[in-house]
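Residue-level listing of the chains:
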Amino acid sequence: MIRHLLTIIRTQRAMNGWIYAELVVVICAVWWMTDKIWVDLRTFYSPMGLDIRNTWVFNMDKLHPQADGYVPGELALSTETEDLFRLKAQIEQHHAIEAVSVSIYACPYTNSEVITPATPVDGDTIVSKGKSFRTYYVSPEYFDVFRIRDSNSEHLTFNPSNVSKPITAVITADVSEMFFHTTEAAGRRLNFNGNEDLDIGAVCNPVRDNEYKKNEPALFPVIQSAEFWNMFINQVGIGGVTVCVRTKQAMSQDEMNIFLREMGDRLTVNNLYVYSVTPFSSLRADKLKKPGDDMRKQLSLTVFLLINVFFGVIGTFWIRTQYRRGEIGIRMALGANRSTLKKYLHGEGLCLLFLTLPFTLLFALNMIYMDIPDSYRLPYTVSRFAITFGGTYLLMTLMIMSGIGFPTRKISRIAPAEALQYE
């Protein structure tokens, strides 16, 4: 009987070698999938830095020269910029409106984007040398429309000494850290686009364009002068300007249509008029549709692979344990305790898992060294590695324990004489 037991043990060693090789490959694949899912989820659910609830885009255009009410250029008594801000003021006067802003290249969930170089005047010019940043040209009300908070997550207010300046800069906290190694940069100065120095009026939380992007260091030139607005509008045209509106309460599209009818002629100033409104929730849905579909496909594929791994690992250890019924019968006939036998089988499976650690660790560190995992959207930190790598081993432990535990419990209830029949 002992000779038979030794033969079985030698056979199990060969089987364990194949299972060990399978575990190494599977764990590396599961870690890669787990890390990718973690980055996608962390990026998607990170704070946006702004709030688009109850916000709308008022789409504007100019009357065609043959349209009724068209004002020829020689008869116009105001510039396009003056018409724009008069229209803004008329919208603000309605009791349902909380805030109205005018901006250029600043709307979330759109493809408009401009990158501008900037350096600190009295900060770290070495670290910031050659850096360019996403730039949002906005009116002061922009921060109220999107409820953007300062670096302390409080209502953003400007430094009183800068309110009267033609252009004041608001920078995100990551730019402030880069330039001045602090988030308390209000009152400092930066050189914008290599042309002029701007006072920094406030530091705000980082903002993101959409849920699938990480936040980028950004600058907000807050334009408070009609002269500068006129200069920018002459460059981009009135079509490049966006009027964003926050209502005091949530409104459906039908309610907004009623609002537009109430406004009537107040939505037209000379040749400039509002022809439609679009909720930011609709812009968000359109913008996220394609990346959302791609992410769902990748997530579905990953879940499918994990399910296959789950059943594969459980099935492997289940069949392996079932195959050892004869060995278990011999051990029980030799007087082995049932609880001790269970611990032995579980310990053997966990020992196989533990022995994979050097190879899987080497694989993971090599991948990180070559910067293959996504470290742009989520920096690779010790905590990220601990969560993804530790989560992989926890998942594999549960699979192995399940694959061993259920058949072992069933086999251990068989009488030793019956178990020996399998041998």
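Before reading on, note that the structure itself is shown above.
Note that the structure is a prediction, hence the values are computed from the model and not measured.

K.L.:
Please provide a residue-by-residue account of the overall build of the protein chain, values included.
P.N.:
Helices and strands together make up the secondary structure of the protein chain, namely 12 helices and 12 strands. Residues counted as buried form 43% of the 423 residues belonging to the protein chain. Taking the contacts inside the protein chain whose residues are at least 6 apart along the sequence as the reference set, 82% of them involve residues at least 24 apart. Of the roughly 22,000 Å² of accessible surface on the protein chain, a fraction of 58% belongs to carbon and sulfur atoms.

K.L.:
Outline unusual backbone geometry, supporting the account with residue identities and numerical values.
P.N.:
The backbone phi angle of Tyr105 is positive, close to 55°, even though this residue is not glycine. Turning to its location among the elements, Tyr105 is positioned in the loop between strand S2 (97-104) and strand S3 (115-120). Judged by its relative accessible area of 29%, Tyr105 is partly exposed. With phi around 60°, Ser153 is a residue other than glycine that occupies positive phi space. Of note, Ser153 is situated in the loop between helix H3 (142-145) and strand S6 (167-172).

K.L.:
Give a description of the pattern of salt bridges that names residues and reports values.
P.N.:
For the coordinates displayed, the defined rule picks out 17 salt bridges. With a closest N to O distance of 2.5 Å, Asp40 and Arg377 form a salt bridge. Highlighted residues: Asp40 in helix H1 (residues 2-44) and Arg377 in the loop between helix H10 (357-369) and helix H11 (382-412), separated in sequence by 337 residues. Linking Lys62 and Glu80 is a salt bridge whose minimum nitrogen-to-oxygen distance equals 2.8 Å. With a gap of 18 residues between them, Lys62 in strand S1 (residues 55-62) and Glu80 in helix H2 (residues 80-92) connect regions that are remote in the sequence.

K.L.:
Report on the packing of aromatic side chains, specifying residues and quantitative values.
P.N.:
Under the definition given, this model contains 18 aromatic pairs. Consider the rings of Trp31 and Phe363, whose centres lie 6.1 Å apart with planes at 85°: the pair is edge-to-face. Remark: Phe363 occurs in helix H10 and Trp31 occurs in helix H1; sequence separation between them is 332 residues. Taken together, the ring pairs in this structure connect Tyr136, Tyr142, Phe143, Phe146, Phe220 and Phe280 into an aromatic cluster. Cation over ring: Arg134 sits above Tyr136, and NZ or CZ is 4.3 Å from the ring centre. A cation over a ring is seen here: Lys214 above Tyr376, with NZ or CZ 5.1 Å from the ring centre.

K.L.:
How would you summarise the nonpolar core if you had to cite specific residues and measurements?
P.N.:
Membership of the largest hydrophobic core comes to 45 residues, with the highest contact counts inside it found for Phe58, Leu84, Ile91, Ile171, Phe179, Leu190 and Val243. No other element matches helix H4 (residues 173-180), which puts 5 residues into this core. Counting 28 residues, the second largest nonpolar core, distinct from the first, contains Met48, Phe143, Phe220 and Leu288.

K.L.:
Residues and numbers for a nonpolar patch on the surface, please.
P.N.:
Residues Leu299, Val303, Ile307, Phe310 and Phe311 make up a contiguous nonpolar surface patch of roughly 440 Å² in combined accessible area. Its place among the elements puts Leu299 in helix H7 (residues 280-323).

K.L.:
Talk me through the side chain of Thr242; I want residue IDs and the actual numbers.
P.N.:
Turning to its location among the elements, Thr242 is positioned in strand S10 (residues 241-247). Judged by relative accessible area, Thr242 falls into the buried class, the value being 18%. Residues within four places of Thr242 in sequence aside, it is in contact with Val57, Ser101, Val102, Ser103 and Cys107.

K.L.:
Residues and numbers for helix H6 (residues 253-263), please.
P.N.:
Every buried residue of H6 is accounted for by Met256, Phe259 and Met263. Down the axis of H6, the smallest arc covering the buried residues is 50°, so these residues share one side. Set apart from the buried face of H6 by more than 90 degrees, the exposed residues are Asp254 and Arg261. Looking at the packing, one finds that the buried side of H6 touches S1, H2, S2, S10 and strand S12 (272-279). Two residues or fewer after H6 comes Gly264, characterised by a positive phi angle close to 55°.

K.L.:
Hey, could you go over the environment of Val241 for me, with residue numbers and the actual values?
P.N.:
Residue position: Val241 is located in strand S10. Residues Val241 and Ser103 lie 138 residues apart in sequence; the distance between their C-alpha atoms is 5.8 Å. Setting aside chain neighbours within four positions, we find Val241 in contact with Met60, Leu84, Val102, Ser103, Ile104, Ile233 and Val236.

K.L.:
Give me the lowdown on H4, citing residues and values where you can.
P.N.:
Within H4, 6 of the 8 residues are buried, which leaves the element mostly enclosed by the surrounding structure. Buried residues of H4: Ala173, Val175, Ser176, Met178, Phe179 and Phe180, and no others. Buried residues along H4 sit against S3, strand S4 (132-135), S6, strand S7 (189-192), strand S8 (196-204) and strand S9 (218-223). A positive backbone phi angle near 60° is found at His181, which sits one or two residues after H4.

Basis of the calculations
- Residues numbered from 1 in each chain as written.
- Predicted model: local features only at pLDDT ≥ 70, side-chain atom pairs only at ≥ 80, totals over all residues.
- Heavy atoms only, no water.
- Helix = DSSP H or I, 4+ residues; strand = E, 2+ residues; numbered from the N terminus.
- Buried < 20%, exposed > 50% of the residue type's maximum accessible area, 1.4 Å probe, protein only.
- Contact = heavy atoms within 4.5 Å.
- Areas by Shrake-Rupley, 256 points an atom, 1.4 Å probe, with all protein chains shown as cover.
- Salt bridge = Lys/Arg side-chain N within 4 Å of Asp/Glu carboxyl O.
- Phe/Tyr/Trp six-rings, centres within 6.5 Å; stacked < 30°, edge-to-face > 60°.
- Lys NZ or Arg CZ within 6 Å of the ring centre and 35° of its normal.
- Core = buried A, V, L, I, M, F, W, Y, C linked by side-chain atoms within 4.5 Å.
- Patch = residues over 30% accessible without salt bridge, like charges linked within 9 Å, V, L, I, M, F, W, Y side chains within 5 Å.
- Arc of directions from axis to C-beta.

Any functional reading would require information beyond the geometric quantities listed.
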